[in-house]
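The chain contents come next:
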Amino acid sequence: MSATVQPLAIASGALIRAASLSWLALRQALWRIPMLLVITLVTFLILRGVPIDPVNMLMPPNASAQEIAELSHQLGLDRPVLVQYLMWLRGALSGDFGISIQTGQPVLPMVLQALPMTLQILFFGLLSGLAMGLGSGMLAFRARGSVLEPAIMSINGVMMAIPDYLWAIALIVTLGVGLQWLPFIGPIDPGLQVPNITGFLLLDCLLQGDLVAFGSALAHLFLPSLTLGLCIATPIARVLHSSLIEVYQEDYLQAARLRGLDENTLLVRHALRNAALPTISLIGVQASVVIGGTLLIETIFGLPGIGALMIRALGSFDLQTIQLLALTYAITVQLVNMLSDFTLRTLNPRLRIAP
Amino acid sequence: MTALSVSLGRRTLARPGLLFGAGFLLLLTLLALAAPWLAPHDPNEQDLLNVLLPPLWATGGSLDYPLGTDALGQCVLSRLLYGARVVVIIMAIAPLGAALIGCLLALLGGYFGGWLDWLVERFVDLWLSFPAVLLALILMVALSPGVQNVILAIVFVDWARFCRVLRAEVLLLRRRSYVAASRIGGAGALGIIWRDILPGLLPTLIVLMAMEFSIAVVAESVLSFAGMSAAPQVPTWGGMIADGMGSLYSSPYPLLLPVFCMILTVLAATFLGQGLREAVDVRLLERAGAA
């Protein structure tokens, strides 16, 4: 082999590797589309089992049999279920997700209007959950050997068992009703008016320069985010604690300690980065649980997000709304999954090698 | 063998969490069974002259209603006792159903492999990527309210959890030499699954079932809190919590008492699950022995 061929071979090898890597990422992203489709199909099939007749709910009580038959035909309800699904899908692809029987309005704008509130809760919930989980996990690890470590971990274990909606109630009873520190109903004080610009309430307050409204919205968001955060923090603390123990067995930490680094630098600058990897994949795995948690939290705190919309739609058999919201939740879960995959790949070079 | 079972018994007794969990759930079961005799009132009987009475120990409490009354004047103690029946039934049946379906699919996919395995794995992926609460709620809209439908919904949602773990276990067990020996000895697929694979799955299965107790209780309480669980005339703790939220400012007891029961039950189920897991899990055992 001559000397000029070799760099070329290396370069083309790198190119092939880069191409196969992006192909891998693309394939992972594309694979989510059929999954979303099957989720919509499963939801569609389940909702066909609803024991009420959607046509009867749309028609006035004195409608004739012929009118009912006409509307059924118009809605495609006299066709086979699979054809009905394909009709829904065709509408969905052109942005037409049907009409809500609660309001008579198209479903899509309704959902899009409610979505920012849920995303806000999700964002602040994840943020506070990460902070509390990483904090208590590191604290427990830093106190290893003392009584504090088993104490923190068993309190964590007890807290992990308590479901999200009970946390919501506990926080309302103690901090809301008992101590009256924080508001717990609605997104903002009833007297305040904020124009809808981006849909994200906090952002709109800032854009208006209305700091009073911003403070009120932030205060109203505190307890819901804390509730969601508590549910995320407990498993994070546990996983971080055990992965820190594992990371500390590795030679590179011993080497760093021998170089004379103090324990805090060791923990934060050297161990945390590696120990955080299982934590991030945990968030990816737990994404569906966390996002499901927003459902009841929104209802309890009276926040107009998609969870509250969903509970109302479920209560009034609003099938089109339920169908679109199920898809919205599924997409949100997939996005959080993609985000955690991406973060993992950025933090861990070992994952960047295509198999 | 006897030494092992003796040490298993001792390990069980040495775990206060396990004892508390098992003891509390046993007590709950007995209370639920005896509800018609223990309850001072019919759970749906409304005494509109005595609404929002405080419990016995608070000022103004009366012996007629030991734990007070809710906003409709219904006896909180009676409703808690009858609500415990739903909890116990769900805890007894839903994990069994989810285990049965999850195990069946795990064996089908894991043992036979091929396109069947691919399909099972994809469905598990799909199920775990969708919020469980949401799937159960949508299912409850399609089914009508009722305890048996709640069980159906929980089974329909939670089989995937079992299937994921058990399938991985089947894949490992299938490659063991004793399975190969059975196959060489002329055993059929069903015989191998029944005699060689299933006994090997048992420890994992017990652990998963134990963990499912608390998951099923929480799932039911979420459904009944959202008003989509048992028929309206059947009292449930989740339903009581939702009703209690409405009268929170007038009297906190109709809210706090069911919340307290719920938390105790979930903790007991969790402790039972963790305790069983530590007592049964061979890998944890080996680690403890090595240390």
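Residues numbered from 1 in each chain as written. Chains lettered and ligands numbered in written order. Predicted model: local features only at pLDDT ≥ 70, side-chain atom pairs only at ≥ 80, totals over all residues. Heavy atoms only, no water.

Caption draft 1: Structural view of empty space enclosed by the protein. The tally for this structure, following the rule as stated, stands at three cavities of 30 Å³ or more. As a volume, the largest cavity reaches approximately 90 Å³. The set of elements that each furnish at least two residues to the lining of the largest cavity consists of helix H1 (5-48) of chain A together with helix H5 (114-128) of chain B. The element contributing the most residues to the lining of the largest cavity is H1(A), with five residues. (1 Å grid on protein atoms, 1.4 Å probe; cavity = no way out; pocket = protein on both sides within 12 Å on 5 of 7 lines; lining within 4 Å. Points joined across faces, edges and corners; volume = space filled by probe spheres on them. Helix = DSSP H or I, 4+ residues; strand = E, 2+ residues; numbered from the N terminus.)

Caption draft 2: Examining the domain arrangement of chain A more closely. Residues and elements named next belong to chain A. In terms of domains, chain A is made up of domain 1 (31-96) and domain 2 (113-353). Computed from C-alpha coordinates alone, the two centres of domain 1 and domain 2 are separated by 36 Å. If you look at the interface, domain 1 gives 12 residues, while domain 2 gives 14 residues. Around 1,300 Å² of area is buried between domain 1 and domain 2 when both sides are counted, 73% of it from carbon and sulfur atoms. One can count one salt bridge joining domain 1 with domain 2. Notably, a salt bridge pairs Arg32 with Asp341, separated by 3.2 Å at the nearest N-O pair. Counting residues per element, the side of domain 1 that touches domain 2 draws most heavily on H1, which supplies eight residues. (Domains from an automatic or database assignment. Contact = heavy atoms within 4.5 Å. Buried area = accessible area lost by both parts, 1.4 Å probe. Salt bridge = Lys/Arg side-chain N within 4 Å of Asp/Glu carboxyl O.)

Caption draft 3: Region of interest: the packing of aromatic side chains. Enumeration over the complete set of coordinates arrives at 14 aromatic pairs over all chains. With centroids separated by 6.1 Å and ring planes inclined at 35 degrees, the aromatic side chains of B:Phe20 and B:Phe24 adopt a geometry described as tilted. Taken as a pair, B:Phe20 and B:Phe24 lie in helix H2 (residues 16-33) at a separation of four residues, close to a single helical turn. The exposure class assigned to B:Phe20 is partly exposed, which follows from its relative accessible area of 34%. What makes B:Phe24 buried here is its relative accessible area of 17%. Judged by centre distance (5.2 Å) and plane angle (85 degrees), the rings of B:Tyr111 and B:Phe112 are edge-to-face. By relative accessible area, B:Tyr111 is classed as buried at 9%. Relative accessible area serves as the criterion here: at 45%, B:Phe112 is assigned to the partly exposed category. An aromatic cluster of at least three residues, connected via ring pairs, comprises A:Phe44, A:Tyr85, A:Trp88 and A:Phe97. For the cation-ring pair, A:Arg48 lies above A:Phe44, with the distance from its terminal atom to the ring centre recorded as 4.2 Å. (Phe/Tyr/Trp six-rings, centres within 6.5 Å; stacked < 30°, edge-to-face > 60°. Buried < 20%, exposed > 50% of the residue type's maximum accessible area, 1.4 Å probe, protein only. Lys NZ or Arg CZ within 6 Å of the ring centre and 35° of its normal.)

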